[in-house]
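Observations on the three-dimensional arrangement
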Amino acid sequence: MAQKILVVEDEAKLAQFIELELKYEGYQVTIAPDGFAGLAAVRESQPDLVILDWMLPGISGPEICRRLRSTGDQVPIILLTAKDEVSDRVAGLDAGADDYVVKPFSVEELLARVRVQLRRSQEQESEILQFEDLSLNHRTREVYRGNRLIELTAKEFDLLEYLLAHPRQVLTRDQILERVWGYDFMGDSNIIEVYVRYLRLKLEANKEKRLVQTVRGVGYVLRD
Ligand code: CA
């Protein structure tokens, strides 16, 4: 499926030019002409990448970055800026942009940056398991509920990883024991209940809704 790119740019001619070039490369392109439309479009169409002009009517590019990042949106963002002062670039990256291109730019440069960001985010995606507002990174072993980092022990992590790898699928107590504790586990099988309780306490510390559900007499399931 074609990757979706949102272009938030108020100069119509430049926006059309970028759209044409991106479409030629096989991307699916949407244009938003101002900050508010841009912010709405990110939330509605969930693009794979955003090309974001710095100076926009409504909300500025860096402000859009900040708002997206503050709600946990990790979509790759490339800022377009006419200002090439170093301090502005830093401000853009501080706001949560992944890269920037200084106007006037060559289309080859923009396309190269787009490819880099899309590749990077695909690599990151394969490292991350997600369900609702819960995410787990295999590589860094970090777990987040929304923006909240959750500290888990090794076994709690393994248990959550197993559940996250099989969303909405009921996992029996035997499957969980075998997979998380190993075939030769000889201890009390109540260990699962104990660990599920720990996990829930940590996942619901801010009164978030329950995601690890008990299926009476069978096992557990990750479900809303
Ligand atoms: Ca502009």
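Residues numbered from 1 in each chain as written. Predicted model: local features only at pLDDT ≥ 70, side-chain atom pairs only at ≥ 80, totals over all residues. Heavy atoms only, no water.

With an unreviewed UniProt entry as reference, the chain is termed Response regulator transcription factor, source organism Symploca sp. SIO1C4.

Our next topic: the coordination of the calcium ion. Around a metal, the ideal angle is 109.5 degrees if four donors adopt a tetrahedral arrangement and 90 or 180 degrees if six donors adopt an octahedral arrangement. Looking at the metal site, the calcium ion is ligated by D10 (OD), D53 (OD) and M55 (O), spaced 2.1 to 2.3 Å from it. Classification of M55 by relative accessible area gives exposed; the value is 54%. (Donors = N, O, S within 2.8 Å, 3.2 Å for Na, K, Ca; no water. Buried < 20%, exposed > 50% of the residue type's maximum accessible area, 1.4 Å probe, protein only.)

Right, let's get into the pairing of strand 2 (residues 28-32). Examined bridge by bridge, strand 1 (residues 4-8) and strand 2 share five bridges and lie parallel to one another. Looking at strand 2, one finds that V8 is bridged to A32. With helix 1 (residues 12-24) bridging strand 1 and its parallel neighbour strand 2, the resulting β-α-β unit is right-handed. (Pairing = 2+ DSSP bridges. Helix = DSSP H or I, 4+ residues; strand = E, 2+ residues; numbered from the N terminus. Right-handed = clockwise from strand over helix to strand, strands pointing away.)

Scanning the model with the defined rule gives two aromatic pairs in all. Taken together, a centroid distance of 5.4 Å and an interplanar angle of 65° make the contact between W181 and Y195 edge-to-face. In this pair, W181 is assigned in helix 7 (residues 173-181) and Y195 in helix 8 (residues 191-203), connecting sequence segments 14 residues apart. Taken individually, W181 and Y195 each receive the classification buried, so the pair is uniform in this respect. Taking relative accessible area as the criterion, Y195 reaches 18% and is therefore assigned buried. (Phe/Tyr/Trp six-rings, centres within 6.5 Å; stacked < 30°, edge-to-face > 60°.)

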